[in-house]
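The lines below spell out each chain.
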Amino acid sequence: MAKKHYLTATLPDGYVKTIGPTTIPFTHYWRIVAELANGKTEVFWGHAKSLAEAKGKQAAAADAAATRGWRSYAFEVVELVKTRG
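Criteria and thresholds
- Residues numbered from 1 in each chain as written.
- Predicted model: local features only at pLDDT ≥ 70, side-chain atom pairs only at ≥ 80, totals over all residues.
- Heavy atoms only, no water.
- Pairing = 2+ DSSP bridges.
- Helix = DSSP H or I, 4+ residues; strand = E, 2+ residues; numbered from the N terminus.
- Axes fitted to C-alpha atoms, helices over the stretch in contact; angles between N-to-C directions.
- Salt bridge = Lys/Arg side-chain N within 4 Å of Asp/Glu carboxyl O.

K.L.:
Which parts of the structure should I look at to understand the sheet that holds strand S1 (residues 5-10)?
P.N.:
Two pairing modes exist for strands in a sheet, parallel and antiparallel, and in both the strands are linked by backbone hydrogen bonds. Strands sit in the order S2-S1-S6 across an open sheet of three strands; the sheet is antiparallel. Of all strands in the sheet, those with a lone pairing partner are strand S2 (16-22) and strand S6 (81-84), marking the two edges. The sheet shows a mean angle of 35 degrees between the axes of neighbouring strands, taken without regard to direction. Here S1 runs beside S6; their pairing, made up of three bridges, is antiparallel. Among the inter-strand pairings, Leu 7 is bridged to a residue of S6, identified as Lys 82.

Put into structure tokens, the structure is as follows:
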């Protein structure tokens, strides 16, 4: 049985997200910060098993922006680091 561990993502704005415990080999964390039409902000996030998989969410973000009428959005991907376990 694989040993469980924690993964940590640190985004450029200083936000830190820890995931786990998990045995799944996630490598990247993605985040979408959307400014809605009413001026509010909504955050969507997830983790992926490769950089390519994480970057694939960017196309989905563009589609969501058009469909949902977001004023703007920021899409970010950072590498996950094994932190403990």
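K.L.:
I tried to follow the environment of Lys 4 on my own but got confused; where do I start?
P.N.:
Position of Lys 4 among the secondary structure elements: in the segment before S1. For Lys 4 and Ile 24, which are 20 residues apart along the polypeptide, the C-alpha to C-alpha distance reads 8.4 Å.

K.L.:
I'm lost on the pattern of salt bridges in this one. Help?
P.N.:
Between side chains of opposite charge, pairing is possible as soon as their charged atoms come close. Applying the stated criterion across every chain, the model contains three salt bridges. For Asp 13, the salt bridge identified is with Arg 31, shortest N-O distance 2.8 Å. On the criterion of sequence distance, the pair formed by Asp 13 in the loop between S1 and S2 and Arg 31 in strand S3 (residues 28-35) is long-range, its members being 18 residues apart. Note that Glu 76 is salt-bridged to Arg 31, the shortest N-O span being 2.7 Å. With Glu 76 in strand S5 (residues 72-79) and Arg 31 in strand S3, this pair connects stretches of sequence that are 45 residues apart. Several salt bridges converge on common partners, so that one network encompasses Asp 13, Arg 31 and Glu 76.

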